[in-house]
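Listed below, chain by chain, are the residues.
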Amino acid sequence: MNFKIKFAEKEDFDLLIAFIDKQWEENHIFVKSKKLFDWQYFNKNSNNYNFLIGICNKTNQILGILGFIPFNHYDNQIDDLCWMSLWKVHERAKGLGLGKSLLLELQKKFKGQLYTIGANERTIPIYKSMGLTVGKLNHFFLINPNLNKFKLIKFSSIPSHTFKVDEQKKLDKISKSDIINSFKSFKPSEQYPFKSANYIINRYIKHPFYDYFFYKISKDLNILGLLIVRKCSYKESKALRIIDFIGPSNILRGLYNEWCKILNNNNAEYLDFYNYGLKYEDLMNSGFTLSKKKEIIIPNHFEPFEKKNVDINFMVPSLDNKNFRIVKGDSDQDRPNILREKK
């Protein structure tokens, strides 16, 4: 079976969605919502979709897809890396090397700067065979000490360890209009990948379905960093998720009392933070605990809700850059599976 590889054009939309519905997941969220699919993948600059597709030369049928989300999708000034997302080959095309051909073609376009989060276990050997680095995000959590009943999480006792509280550090909710001014006060360029104010606005503020909340970390009236948080709920129970963090790792130290305040204000059971690249000591000294005990359950899935721990695999070319950071808001890890309009 011969095939050709090309970038998906607007005219390929129906075939692309049909492939996702039949080969990836029936009634997938992208099948239900063109609005979400276009927001995530339509490239306004090139007027096509950020998908590579493998086409059968004889039938013109799509045999494989590889979606990608370049950083410049959210800010035209950032053009140094790309997140992979949906990667699937038709059952009829298994063993033809199409999947790897799609990956190699995308590597060529982005000069090797390809990354992914939520990598399927079956793809890990492929990445390793290509000399790429794989790992798992660290899952840190902090349980609300002021609640007596918990329905989302499972534990025998609230984990505790020694840390110091910095009473001078504050977490304050800020409006969307304050984002740009906040970025003028600290140096997000010290982390990699760099995220600009425009990136934050286009990725989070302009999200078509999710509401995100923004908190500044400050001390002595100086803004040190920025947090992007999303509230998740199941029935009457709530959780707070740190989706992104802009700023030096060490500014998280001493914030335990502030975390407790926002948990109480939202009547949330816990706060969690999937990440890689932030220093373990900084998060522990912020009051967080690393999730690694099976008897403690800190859920990740809310759409639908599943009371279980979830590992999130990642792939990167290498981890040589000491400032490299991955968070849950990268790639497509924080996207809806159930459609709800923004409030």
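Located above this text is the structure these notes cover.
Per-chain numbering applies: the sequence of each chain, read as written, is numbered from 1 onward. For a predicted model such as this one, the threshold for reporting local features is a pLDDT of at least 70, and the threshold for listing and counting side-chain atom pairs is 80 or more; totals across whole chains, interfaces and linings nevertheless cover every residue. Side-chain numbers come from the whole structure's heavy atoms, not from hydrogens or water.

A look at the overall build of the protein
Here is step 1 of the chain: Secondary structure summary: the protein contains nine helices and 16 strands in total.
Here is step 2 of the chain: Only the C-alpha atoms count toward the radius of gyration. The rule for a globule is 2.2 Å times the residue count to the power 0.38. Against the compact-globule benchmark of 20 Å for 343 residues, the protein has a radius of gyration of 21 Å, which places it among compact chains.
Here is step 3 of the chain: Viewed in the frame of its principal axes, the protein has a C-alpha envelope of about 70 × 40 × 40 Å.
Here is step 4 of the chain: Using a 1.4 Å probe on the protein chains alone, a residue whose accessible area is under 20% of its type maximum counts as buried, one over 50% counts as exposed, and one in between counts as partly exposed. Within the protein, buried positions represent 53% of all 343 residues.
Here is step 5 of the chain: Taking the intrachain contacts of the protein between residues at least 6 apart in sequence as the baseline, contacts between residues at least 24 apart amount to 72%.
Here is step 6 of the chain: Surface accessibility in these figures is a Shrake-Rupley result with a 1.4 Å probe; residues are shielded only by whichever protein chains are displayed. Of the roughly 16600 Å² of accessible surface on the protein, a fraction of 46% belongs to carbon and sulfur atoms. Helix and strand labels come from DSSP, where a helix needs a run of H or I of at least four residues and a strand needs a run of E of at least two; each type is numbered from the N terminus. Throughout, a contact is declared for two residues whenever any of their heavy atoms are within 4.5 Å.

Examining the nonpolar core
Here is step 1 of the chain: What makes a nonpolar core is a set of buried Ala, Val, Leu, Ile, Met, Phe, Trp, Tyr and Cys residues whose side-chain atoms join them at distances within 4.5 Å. The biggest cluster of nonpolar side chains holds 56 residues, and the ones touching the most others in it are Phe37, Ile65, Ile179, Ile200, Phe214, Leu226 and Ile228.
Here is step 2 of the chain: Considering each element in turn, this core owes the most residues, six residues, to helix H7 (residues 197-205).
Here is step 3 of the chain: Formed by 26 residues, the second largest nonpolar core is a distinct cluster that contains Ile242, Leu255, Cys260 and Leu271.

Brief notes about unusual backbone geometry
With glycine set apart, most residues show a phi of negative sign, and most peptide bonds adopt trans.
Here is step 1 of the chain: Along the chain, Tyr192 connects to Pro193 via a cis peptide bond; the corresponding omega equals 5 degrees.
Here is step 2 of the chain: Looking at where Pro193 falls in the secondary structure, it is placed in the loop between helix H6 (179-183) and H7.
Here is step 3 of the chain: For the peptide bond that leads from Glu303 to Pro304, omega is 5 degrees, which places it in the cis range.
Here is step 4 of the chain: In this structure, Pro304 sits in the loop between strand S14 (289-290) and strand S15 (313-316).
Here is step 5 of the chain: The residue Asp220 is not glycine, and still its phi comes out positive at about 55 degrees.
Here is step 6 of the chain: Overall, Asp220 belongs to the exposed group, its relative accessible area being 54%.
Here is step 7 of the chain: Backbone geometry places Lys235, a non-glycine residue, at a positive phi of 55 degrees.
Here is step 8 of the chain: Relative accessible area serves as the criterion here: at 70%, Lys235 is assigned to the exposed category.

A few points about the packing of aromatic side chains
Here is step 1 of the chain: Here the aromatic set is Phe, Tyr and Trp, taking the six-membered ring for Trp, and pairing holds for ring centres within 6.5 Å; pairs whose planes are under 30 degrees apart are stacked, those over 60 apart are edge-to-face, and all others are tilted. Taken as a whole and judged by the stated rule, the model has 28 aromatic pairs.
Here is step 2 of the chain: Taken together, a centroid distance of 4.7 Å and an interplanar angle of 55 degrees make the contact between Tyr41 and Phe51 tilted. Of this pair, Tyr41 sits in helix H3 (residues 34-41) while Phe51 sits in strand S3 (residues 48-56), placing them ten residues apart in sequence.
Here is step 3 of the chain: The structure contains a cluster of three or more aromatic residues connected by ring pairs, namely Trp39, Phe71, Tyr74, Trp83, Tyr115, Tyr192, Tyr199 and Phe324.

Some details on the pairing of strand S8 (residues 138-143)
Here is step 1 of the chain: Across the six residues that make up S8, a large majority, five, are buried.
Here is step 2 of the chain: By the bridge criterion, six bridges tie S8 to strand S13 (residues 270-276) in an arrangement that is antiparallel. Bridge pairing in S13 links Phe141 to Asp272.
Here is step 3 of the chain: Pairing between strands is defined by DSSP: at least two bridges between them are needed. Note: S8 against S14, two bridges, orientation antiparallel. Considered in S14, the bridge of Phe141 is made with Thr289.

Observations regarding the pairing of strand S11 (residues 222-234)
Here is step 1 of the chain: The pairing of strand S10 (residues 213-219) with S11 spans seven bridges and is antiparallel. Bridged to Phe213 within S11 is Val229.
Here is step 2 of the chain: Hairpin connection, S10 to S11: the antiparallel pair is bridged by two residues, and Asp220 has positive phi, about 55 degrees.
Here is step 3 of the chain: By the bridge criterion, nine bridges tie S11 to strand S12 (residues 237-246) in an arrangement that is antiparallel. Residue Val229 lies in a different strand from S12, and its bridge partner there is Ile242.
Here is step 4 of the chain: Hairpin geometry of S11 and S12 is characterised by an intervening segment of two residues between the two adjacent antiparallel strands and by a positive phi of about 55 degrees at Lys235.

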